[in-house]
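Given next are the chains, with one letter for each unit.
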Amino acid sequence: MKINVNEQGHLTIGGCDALELAQNYETPLVVYDVAQIRQQLRSYQEAFKQQQISAVVSYASKAFCAKAIYQVVQQEGAHVDVVSAGELATALAAGFDPQNISYHGNNKSLAELDFAIAQQVGVLVVDNFYELTLLQSLLHYKYPRQTIQVMLRITPGISAHTHEYDQTGQIDSKFGFDVNSGQAEKALQQVLQNPQLDLIGIHAHIGSQIMAVAGFELLVAKLCQLAHAWQQKYHFETKILNLGGGFGIRYTDSDEPLTAQQFVEAIVQTLRKEWVNSDSELPQVWIEPGRAIVGNAGVSLYTIGSKKTIPHVRTFLTVDGGMGDNIRPALYQAQYEAVLARAPLAAAEQTVTVAGRYCESGDVLISQQALPATQPGDILAVLATGAYGYSMASNYNRIGRPAVVFAEEGQGQIVVAREEIVDLMHLDQDYVKENE
Ligand SMILES: Cc1ncc(COP(=O)(O)O)c(C=O)c1O
Ligand SMILES: N[C@@H](CCCC[NH3+])C(=O)O
């Protein structure tokens, strides 16, 4: 993993000394290196440019959602996708252009669809027949003069080689219209019959943390076959093929992720090959990377507290956060690496299990981590926590979620405040039994 250090030998993030960040903003703290976020967005955009193909990079904001990230993504000229009214409202509050937002979700409510239409969201990605029915009646009764742009999310029947919980494109999936059983075609017929629905593209997403191009090549081939078949049968010409996200990143030194260029090259080459006999125009390619944009840019800073050595078994080193701010090790057996922020390059002297502070034996962030000697009060930096860490955080044990800092060119700035105990209690009501 790439570690940056300053003259004192301390870990730096976005040019800021990690110890100073921890001191100024307290721990647990999630810090993003903003330049790295920009760099990742650009690497996908530039890879498509190199392939001389029209493309849109749409950041999947479920990976990390806060006003600040929408602002950075907008500065970089990328789109975003959202999956809830909450993510949409945050993007709008950040000043994100609604035209560059796509709205996903496998159970969008009527109120959410209404909100998205009223806010003139660029694309609604229709996932199922129930949604289609809701959408059609909403348009008919409330927005009779409006046409909205939609994509159809299909289930391509491709299994990405990744964690079972991270697969979404296989037939047995809750997402999208299944192609093999004819549901996708039925949805297409329904959409084409409604003049208020402007079908601009076909969407599919095969999974997350994907480390090979094969799944994307199969997906592109499948979508192209579908597009050709629908063109012949229904004269429907798709303007866009949206391939979803899923591009894998390095969590530990044993991960060997592909570069943006490698993924994009494989995608575009397959597309050109599959499109060669078509007389319709090459569609625009959209991708929706989430993890690949923010994962490696994020670092979680914790303060080390208790240490428990069980002779001949293990040493637990406990930090002031854990599964409440990063559920991924407990949920997916996800692996991470950590360094001591005051001496990230120092030689290891011990191997410890990094445990969290939550009342759960499974609250272990790293099962085996080599570290130099540590003292209580030392700052431990867990690397590559930027995706699905803060966004999946909970208030288990009534512990507030950490603060989030954006660091760039040596300047750190709080972009999400720490959740305080009063914040946690503000929804509570006294229970008063009547007649007492
Ligand atoms: C439709 C869709 N697009 C994009 C993503 C982002 O995935 P990732 O963070 O793996 O790039 C997801 C989540 O898996 C998704 O469901
Ligand atoms: N939360 C998952 C990724 C889910 C992607 C959304 N479909 C993870 O942390 O790996």
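Residues numbered from 1 in each chain as written. Chains lettered and ligands numbered in written order. Predicted model: local features only at pLDDT ≥ 70, side-chain atom pairs only at ≥ 80, totals over all residues. Heavy atoms only, no water.

Asks: Hey, could you run me through the nonpolar core in this one?
Replies: Soluble globular proteins tend to bury their nonpolar side chains together. Among the nonpolar cores identified, the biggest contains 106 residues, and I37, Y44, F64, L135 and V294 are the most heavily contacted of them. Residue contributions to this core peak at eight residues, all from helix 8 (residues 214-234). When residues no more than four places from it in sequence are discounted, the contact partners of I37 are Y32, I69, V72, I293, V294, A297 and F406. (Core = buried A, V, L, I, M, F, W, Y, C linked by side-chain atoms within 4.5 Å. Buried < 20%, exposed > 50% of the residue type's maximum accessible area, 1.4 Å probe, protein only. Helix = DSSP H or I, 4+ residues; strand = E, 2+ residues; numbered from the N terminus. Contact = heavy atoms within 4.5 Å.)

Asks: What is the right way to look at the packing of aromatic side chains in this model?
Replies: The description of an aromatic ring pair rests on the distance of the ring centres and on the angle between the ring planes. One pass over the structure, following the stated rule, counts 12 aromatic pairs. Taking 6.2 Å as the distance between ring centres and 70 degrees as the angle between the ring planes, the aromatic pair formed by Y70 and F96 counts as edge-to-face. With Y70 in helix 3 (residues 67-75) and F96 in the loop between helix 4 (85-93) and strand 6 (101-103), this pair connects stretches of sequence that are 26 residues apart. The class for Y70 is buried, based on a relative accessible area of 0%. (Phe/Tyr/Trp six-rings, centres within 6.5 Å; stacked < 30°, edge-to-face > 60°.)

Asks: Please explain the pairing of strand 5 (residues 79-82) as it appears in this structure.
Replies: Within a regular strand, side chains alternate between the sheet's two faces. Of the two faces of strand 5, the one carrying H79 and D81 and the one carrying V80 and V82 are both buried. Across three bridges, the pairing between strand 4 (residues 55-60) and strand 5 is parallel. Within strand 5, the position partnered with A60 by the bridge is D81. Handedness of the crossover joining strand 4 and strand 5 through helix 3: right-handed. In the sheet, strand 5 pairs with strand 6 via three bridges, with the strands oriented parallel. (Pairing = 2+ DSSP bridges. Right-handed = clockwise from strand over helix to strand, strands pointing away.)

Asks: Is there a simple way to explain the UniProt feature "binding site: substrate" (unreviewed entry) in the protein chain in this structure?
Replies: According to UniProt, the "binding site: substrate" (unreviewed entry) feature falls on R291, R328, Y332, E360 and Y388. The largest pairwise C-alpha distance within this set of annotated residues, which runs over 98 residues, is 26.7 Å, so the set is dispersed in three dimensions. Looking at R291, its side chain comes within polar contact range of the side chain of Y251, at 2.6 Å. Along the chain, the position of Y332 falls in helix 11 (residues 328-332). (UniProt positions renumbered as here; feature names shortened; annotations may be inferred. Polar contact = N/O pair within 3.5 Å; in protein donor to acceptor, adjacent residues only side chain to side chain.)

Asks: Quick question: what am I supposed to make of the site of ligand 1 here?
Replies: Taken together, 15 residues form the shell around ligand 1, and within it H205, S208, G246, E288 and Y388 come nearest. R291 is positioned such that a nitrogen or oxygen atom in its backbone is 2.8 Å from an oxygen atom of ligand 1. For ligand 1, whose accessible area on its own is 400 Å², the fraction buried by protein is 93%. Along the lines of polarity and charge, the residues of the shell around ligand 1 split into three nonpolar, seven polar and five charged. (Near = heavy atom within 4 Å. Areas by Shrake-Rupley, 256 points an atom, 1.4 Å probe, with all protein chains shown as cover. Nonpolar A, V, L, I, M, F, W, Y, C, P; charged D, E, K, R; others polar.)

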